[in-house]
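Fold and geometry: a report
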Amino acid sequence: SFDNACGYTAISALLAKAGLHIKGTDLFDHGERWKKYIKSIKGSMSFEQANSEELPFNSEKFDVSFSLSALEHMNNPQKALKEMIRVTKKGGLILLTIDIASQLVGNYKADNLNINNSNFDDILELINKECDYFAEPKLTHPDDYLILAT
């Protein structure tokens, strides 16, 4: 399984504990934290610094690829998604979550998190063109939930 833009790898650590082999990449080298996770997990984990828009893997390498709350922080999320599709085996599973927050959310502004404020229609178009899916992609905005909660 491939964790794209894994950051500090908490999700990878949980999946490795469950017995999956996890390969994680991130734009930044989290070396000491990655070493700490690898030592504490009995599962199989490895990490390397890599740009999500130019992944250093052969095509169709992974059965499962996932990227959680990361694409929205990338300069070119479409290119990163194309790379995830490329490195995932045909018939494999790709899981994405994308945080879309263009207005004030909680106690911080989205701009402070370097969130790409595009509408992500091009991401949906790419998914519909290149992938089969069993759960239709759905994008919602945090403000939608704020309205429902009031």
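Residues numbered from 1 in each chain as written. Predicted model: local features only at pLDDT ≥ 70, side-chain atom pairs only at ≥ 80, totals over all residues. Heavy atoms only, no water.

Quick word on the sheet that holds strand β2 (residues 21–26)
Here 5 strands make up an open sheet; going across it, the order is β3-β2-β1-β4-β5 and the pairing parallel. Taken across any chain shown, the strands that pair with only one partner, and hence form the sheet edges, are β3 (44–49) and β5 (88–97). Averaged over all adjacent pairs, the angle separating strand axes in this sheet is 20 degrees, with direction ignored. Sheet topology places strand β4 (residues 62–68) next to β5; 6 bridges connect them, and they run parallel. Note that in β5 the partner of Ser65 across the bridge is Ile94. Sitting on the sheet, helix α3 (residues 77–87) touches β1 (2–4), β4 and β5, and the angle it makes with β5 is about 145 degrees. (Pairing = 2+ DSSP bridges. Helix = DSSP H or I, 4+ residues; strand = E, 2+ residues; numbered from the N terminus. Axes fitted to C-alpha atoms, helices over the stretch in contact; angles between N-to-C directions. Contact = heavy atoms within 4.5 Å.)

Examining the nonpolar core
Membership of the largest hydrophobic core comes to 13 residues, with the highest contact counts inside it found for Leu71, Met74, Leu81, Ile85, Ile98, Ile123 and Ile127. Excluding residues within four positions of it along the chain, Leu81 makes contact with Leu71, Leu96, Ile123, Leu126 and Ile127. Of all hydrophobic cores here, the second largest spans 8 residues; its members include Cys6, Ile22, Ile41 and Phe47. (Core = buried A, V, L, I, M, F, W, Y, C linked by side-chain atoms within 4.5 Å. Buried < 20%, exposed > 50% of the residue type's maximum accessible area, 1.4 Å probe, protein only.)

Focus on the pairing of β4
As judged from the 2 bridges shared by β1 and β4, these two strands associate in the parallel manner. Following the sheet pairing, Phe2 is matched in β4 by Ser65. Crossover connection from β4 via α3 to parallel β5: handedness right-handed. (Right-handed = clockwise from strand over helix to strand, strands pointing away.)

Observations concerning the pattern of salt bridges
Applying the stated criterion to the full structure yields 3 salt bridges. Residues Lys89 and Asp63 are paired through a salt bridge, measuring 3.3 Å at the closest nitrogen-oxygen approach. Taken as a pair, Lys89 in strand β5 and Asp63 in strand β4 lie far apart in primary sequence, 26 residues in all. When its relative accessible area of 49% is taken as the criterion, Asp63 is described as partly exposed. Measuring nitrogen to oxygen at the nearest pair gives 2.8 Å for the salt bridge that ties Glu83 to Arg86. Highlighted residues: Glu83 and Arg86, both in helix α3, separated by 3 residues, approximately one helical turn. The exposure class of Glu83 is buried, given its relative accessible area of 14%. You can call Arg86 partly exposed: its relative accessible area is 25%. (Salt bridge = Lys/Arg side-chain N within 4 Å of Asp/Glu carboxyl O.)

Quick notes on the side chain of Thr25
In this fold, Thr25 is placed in strand β2. Taking relative accessible area as the criterion, Thr25 reaches 0% and is therefore assigned buried.

Some words on the packing of aromatic side chains
On inspection of all chains with the given rule, the structure shows 3 aromatic pairs. Their ring planes at 90 degrees and their centres at 5.2 Å tell us that Phe57 and Phe62 sit as a pair that is edge-to-face. A relative accessible area of 9% places Phe57 in the buried class. On the basis of relative accessible area, Phe62 is assigned to the buried category, the value being 6%. Linked through ring pairs, Phe2, Phe57 and Phe62 together constitute an aromatic cluster. The lysine or arginine in question, Lys61, covers the ring of Phe62, its NZ or CZ lying 5.8 Å from the ring centre. (Phe/Tyr/Trp six-rings, centres within 6.5 Å; stacked < 30°, edge-to-face > 60°. Lys NZ or Arg CZ within 6 Å of the ring centre and 35° of its normal.)

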